[in-house]
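# Topology and contacts: notes
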Amino acid sequence: VILGTAAGAYVSTDAALTWRRVPSPSTTILRLAQSEVDPRLVIAGSQHRGAWLSRDAGETWTATDPVTAQANLYAVALHRREAAIMAIGGWNAGVRVTVDGGATWQDRTAGLPVRHVLVLAFDPDVAGRLWASTFEQGTFFSDDLGLTWKSGGLDGAHGYDFIFVPAAPR
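In short, a report on the structure. Please read these numbers as outputs of a predicted model, since none were measured by experiment.

Buried residues dominate strand β14 (residues 138–142), accounting for 5 of its 5 residues. Relative to β14, strand β13 (residues 130–134) runs antiparallel, the two being bridged by 5 bridges. Within the sheet, the bridge partner assigned to W131 lies in β14 and is F141. Connecting β13 to the antiparallel partner β14 that follows it, the hairpin turn spans 3 residues, and E136 within it adopts a positive phi of roughly 60°. The pairing of β14 with strand β15 (residues 150–153) spans 3 bridges and is classified as antiparallel. In the strand pairing of β15, F141 is matched with K150.

Laid out in structure tokens, this is it:
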């Protein structure tokens, strides 16, 4: 189990009976996501310290994306089929995407009404679809990793999470 806290990341290897703080950013971890393709890959969004990657199930962490190194990142997402594709977003940070495992990041905010992104998620049912929830401007989706965005509705709202419920069998 990996837990993000106001003091950084903690790991438990005994089903949460005991915890130990691991070398991680000394800041509040605002969001964590684990890769479905590579369970040892975890991304963290933090308060005022940007995005961090762990490639060993939370034991060690490395800062990624220098452009957002001081940002509050509320949103992190890992592609469901390709571990190298990730997205991060936050307050005044917009949406940033990497397709090379975090080596380089691109700004993919153009087309969104604001740079304040609270939630990101890759859709499990539509290959390559990335969802974003913005602050008080609604939800949006992109089928090309954020190069273009379309309204997903809920104009004027901001969400806190996306959960994808499988359709009932017919």
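With that settled, the discussion passes to the sheet that holds strand β8 (residues 73–78). In space, the 4 strands of this open sheet follow the order β8-β9-β10-β11, with antiparallel pairing throughout. On the outer flanks of this sheet lie β8 and β11 (106–107), each paired with one strand and no other. Summarising the sheet, strand β10 (residues 94–98) and β11 pair through 2 bridges and their orientation is antiparallel. The partner of R96 across the bridge, within β11, is D107.

Definitions and limits used
Residues numbered from 1 in each chain as written. Predicted model: local features only at pLDDT ≥ 70, side-chain atom pairs only at ≥ 80, totals over all residues. Heavy atoms only, no water. Buried < 20%, exposed > 50% of the residue type's maximum accessible area, 1.4 Å probe, protein only. Helix = DSSP H or I, 4+ residues; strand = E, 2+ residues; numbered from the N terminus. Pairing = 2+ DSSP bridges.

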